[in-house]
Amino acid sequence: MSSTAGQVIKCRAAVAWEAGEPLVIEEVDVAPPKAMEVRVRILYTSLCHTDVYFWEAKGQNPVFPRIFGHEAGGIVESVGEGVTDLAPGDHVLPVFTGECKECAHCKSAESNMCDLLRINTDRGVMLSDGQSRFSINGKPVYHFLGTSTFSEYTVIHVGCLAKINPLAPLDKVCVVSCGLSTGFGATVNVAKPPKGATVAVFGLGAVGLAAAEGARVSGASRIIGVDLNPNRFEQAKKFGVTEFVNPADYDRPVQEVIAEMTNGGVDRSIECTGNINAMISAFECVHDGWGVAVLVGVPHKDAVFKTHPVNFLNERTLKGTFFGNYKPRTDIPGVVEKYMNKELELEKFITHSLPFSEINKAFEYMLKGESLRCIIRMDDLRIHTSGARSVLLNKL
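About the criteria used
Along each chain, numbering runs from 1 in the same order as the chain's sequence is written. This being a predicted model, a pLDDT of at least 70 is required before a residue's local features are given, and a value of 80 or more before pairs of side-chain atoms are given or counted; all residues contribute to the totals for chains, interfaces and linings. The side-chain values count all of the structure's non-hydrogen atoms but skip hydrogen atoms and water molecules. UniProt positions are given in the numbering used here, feature names are shortened, and annotations may be inferred rather than shown by experiment. Comment: elements are numbered from the N terminus, with helices defined as DSSP H or I runs of at least four residues and strands as E runs of at least two. We call a pair of cysteine sulfur atoms a disulfide whenever their separation is within 2.5 Å. Being paired, for any two strands, means DSSP has found at least two bridges between them. Simply put, an axis is a line fit to the C-alpha atoms, just over the touching stretch for a helix, and the angle between two N-to-C directions goes from 0 to 180 degrees. With a 1 Å grid spanning the protein atoms alone, the term cavity applies to any set of points in which a 1.4 Å probe fits but cannot get out, the term pocket to an open set with protein on both sides within 12 Å along at least five of seven lines, and the term lining residue to any residue with an atom within 4 Å of a point. Grid points are joined across faces, edges and corners, and a volume is the space filled by probe spheres set on the points. Residue polarity is assigned by list, with Asp, Glu, Lys and Arg as charged and Ala, Val, Leu, Ile, Met, Phe, Trp, Tyr, Cys and Pro as nonpolar; anything else, Gly included, falls into the polar class. The rule is simple: take the accessible area with a 1.4 Å probe, protein chains only, and divide by the maximum for that residue type; under 20% is buried, over 50% is exposed, in between is partly exposed. Here, the term nonpolar core denotes a set of buried Ala, Val, Leu, Ile, Met, Phe, Trp, Tyr and Cys residues that are joined through side-chain atoms within 4.5 Å. Whether two residues are in contact is decided by their heavy atoms, any of which lying within 4.5 Å being enough. Here, a salt bridge means any Lys or Arg side-chain nitrogen found within 4 Å of an Asp or Glu carboxyl oxygen. Expected helix span is taken as 1.5 Å per residue step, with the number of steps being one fewer than the number of residues. Think of the arc as the fan of directions from the helix axis to the C-beta atoms.

**Observations concerning the UniProt feature "domain: Alcohol dehydrogenase-like C-terminal" (unreviewed entry) in the protein**
- Mapped onto the present numbering, the UniProt feature "domain: Alcohol dehydrogenase-like C-terminal" (unreviewed entry) falls at residues 206–337.
- Summarising residues 206–337: 36% helix, 15% strand, and an end-to-end C-alpha distance of 20 Å.

Put into structure tokens, the structure is as follows:
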């Protein structure tokens with residue numbers, strides 16, 4: 001049992017006090033876990049576009065002060081009542097969605113949309129009691145996506161933690177907990193391109209490159225990257241992209257360009273931008289008779305998908321996916337094993353690394369489009385318990 005179990009832990013966290021303002025490293029109190037909760041020591045976290053989007057408070061209810069972060073790797077410090085499948089010392093990846101293992105979705109082999117723990121961007125408190133486990137001077141600091149990994153310690157529902165191989169390097173496999181799995185799973189679990197297939201990927205950010213990696217691993221013969229930024233193509237080659245199409249270079253719809261390049265259309269397409277026009281293009285560029293398009297990007301709330309019904313009648317298929325159709329607790333440990341078995345490359349997704357004290361630089365890199373994933377090292381972790389002297393811990 002951890003020596004700090006049941007006690008409040010004081011630690012550093014990067015707090016967002018206001019929308020769009022730089023994060024501030026503060027000392028926060030992290031309460032012990034309650035029923036079905038786990039307190040986790042975060043060793044590495046990374047920045048995802050979703051963190052930036054909600055930090056900027058674009059188009060949703062702003063909840064501040066808040067601790068962002070949802071792509072990370074850590075070690076269980078203590079567990080709350082009722083937690084039986086995790087113990088202190090276990091290595092875990094927090095996930096922004098969950099798997100209660102009891103609802104209809106969790107019991108279905110086809111769905112990962114857990115009724116209890118599916119993503120909720122507005123909720124800033126824990127499910128069990130509607131309270132935050134973070135506070136500064138007795139005032140609450142709110143959670144984000146049930147994970148809040150921009151803190152040396154965080155409290156997470158047990159259903160949102162994937163227990164992984166303790167030999168897996170957390171500074172690499174932390175990227176599996178969000179972006180990598182979302183894109184990779186969209187290809188291998190949902191699009192399922194047969195060996196030799198032609199695949200188009202719309203959007204060559206981290207999720208799109210993960211989708212391309214899925215096509216590469218599946219043995220696709222051609223992977224066509226579609227992006228408005230030509231600077232992305234060189235990097236995309238590392239992920240198996242063989243050709244690049246910039247829609248801005250043409251005066252006709254890009255779906256027509258792709259159909260012309262591929263003798264009628266690609267076998268599979270994966271859309272990773274959330275732009276409604278890209279979504280329509282991704283569907284309309286697949287071959288009739290067998291083509292499958294998969295939508296990954298999240299569109300604007302008022303967006304409307306418009307296409308002629310004959311596109312469906314001609315046996316094109318349109319699918320959507322959430323978190324790559326992976327069940328967090330059941331499936332994510334297996335994705336980590338793919339990396340351990342050298343079936344999956346993660347290092348090429350990691351373009352930058354920073355100490356926790358420089359977390360705001362990670363936002364700068366992403367806003368400038370300079371990074372895929374920036375790993376943030378929670379170096380020199382400081383832990384105190386209530387009333388105890390500060391203790392400096394060496395890295396595990």
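**Notes on the state of the cysteines**
- Inspection of the entire model under this criterion finds zero disulfides.
- Sulfur of Cys-11: no disulfide; nearest cysteine sulfur belongs to Cys-174 and is 18 Å away.
- In this model Cys-103 remains outside any disulfide bridge; the closest cysteine sulfur is found in Cys-106, 3.7 Å from its own.

**Points about the sheet that holds strand 14 (residues 292–295)**
- Pairing is parallel across the open sheet formed by six strands, whose spatial order is 12-11-10-13-14-15. In this open sheet, the two edge strands, each paired with only one partner strand, are strand 12 (243–245) and strand 15 (317–320). Ignoring strand direction, the axes of neighbouring strands in this sheet form an average angle of 20°.
- In the sheet, strand 13 (residues 268–271) pairs with strand 14 via four bridges, with the strands oriented parallel. Bridged to Ile-270 within strand 14 is Val-294.

**A few points about empty space enclosed by the protein**
- Scanning all chains against the criterion turns up two cavities of 30 Å³ or more.
- Of the voids in this model, the largest cavity is the one considered here, and its volume is about 170 Å³.
- Together, 16 residues line the largest cavity, and Leu-117, Arg-123, Leu-127, Gly-146 and His-157 are the ones closest to its centre.
- Of the pockets and cavities examined, the second largest cavity occupies roughly 30 Å³.
- Its residues assigned to classes, the lining of the second largest cavity shows four nonpolar, one polar and one charged.

**Looking at unusual backbone geometry**
- For the peptide bond that leads from Phe-64 to Pro-65, omega is -5°, which places it in the cis range.
- Within the secondary structure, Pro-65 sits in the loop between helix 1 (49–55) and strand 4 (71–79).
- In the Ramachandran plot, Ser-148 falls in the positive-phi region, its phi being about 50° despite a non-glycine side chain.
- If you trace the backbone, Ser-148 turns up in the loop between strand 7 (139–141) and strand 8 (153–157).
- The class of Ser-148 is buried, set by a relative accessible area of 0%.

**Considering the nonpolar core**
- Counting residues in each nonpolar core, the largest one holds 104 residues, and the members touching the most others are Phe-150, Val-173, Leu-180 and Ile-270.
- Broken down by element, the residue count for this core peaks at six residues, all from helix 5 (residues 206–217).
- Leaving out residues up to four positions away in the same chain, Ile-270 has contacts with Ala-186, Thr-187, Ala-191, Val-199, Ala-200, Val-201, Phe-202, Ala-211, Val-294 and Val-296.
- Judged by nonpolar contacts, the second largest core, of 15 residues, contains Ala-200, Val-226, Val-245 and Ala-282.

**Some words on the pattern of salt bridges**
- Tallying each qualifying case throughout the model produces 22 salt bridges.
- A salt bridge links Glu-71 to Arg-373; its shortest N-O distance comes to 2.5 Å. A residue pair is termed long-range when its members are at least 10 positions apart, and Glu-71 in strand 4 and Arg-373 in strand 17 (residues 373–377) qualify at 302 residues. Of the two residues, Glu-71 and Arg-373, both sit in the buried class.
- Between Arg-133 and Asp-129 there is a salt bridge, and its shortest N-O distance comes to 3.1 Å.
- By relative accessible area, Arg-133 is classed as buried at 3%.

**As for helix 4 (residues 179–191)**
- A rise of 1.5 Å per residue sets the reference length of helix 4, with its 13 residues, at 18 Å; its end C-alpha atoms lie 17 Å apart and thus fit the reference within 8%.
- Most of helix 4 sits out of view: eleven of its 13 residues are buried.
- What helix 4 keeps buried is the set Gly-179, Leu-180, Ser-181, Thr-182, Gly-183, Phe-184, Gly-185, Ala-186, Thr-187, Val-190 and Ala-191.

**Some thoughts on helix 10 (residues 328–340)**
- In this model, helix 10 (13 residues) spans 18 Å end to end at C-alpha, consistent with the 18 Å of a helix rising 1.5 Å per residue.
- Among all positions of helix 10, only Pro-328, Arg-329, Ile-332, Pro-333, Val-335, Val-336 and Tyr-339 are buried. One face of helix 10 carries all of its buried residues, which in axial projection span an arc of 155°.
- Tucked inside the fold, the buried residues of helix 10 contact strand 5 (91–94), strand 9 (161–163), helix 3 (170–173) and helix 4.
- One or two steps after helix 10, the chain reaches Lys-342, where phi turns positive at roughly 60°.

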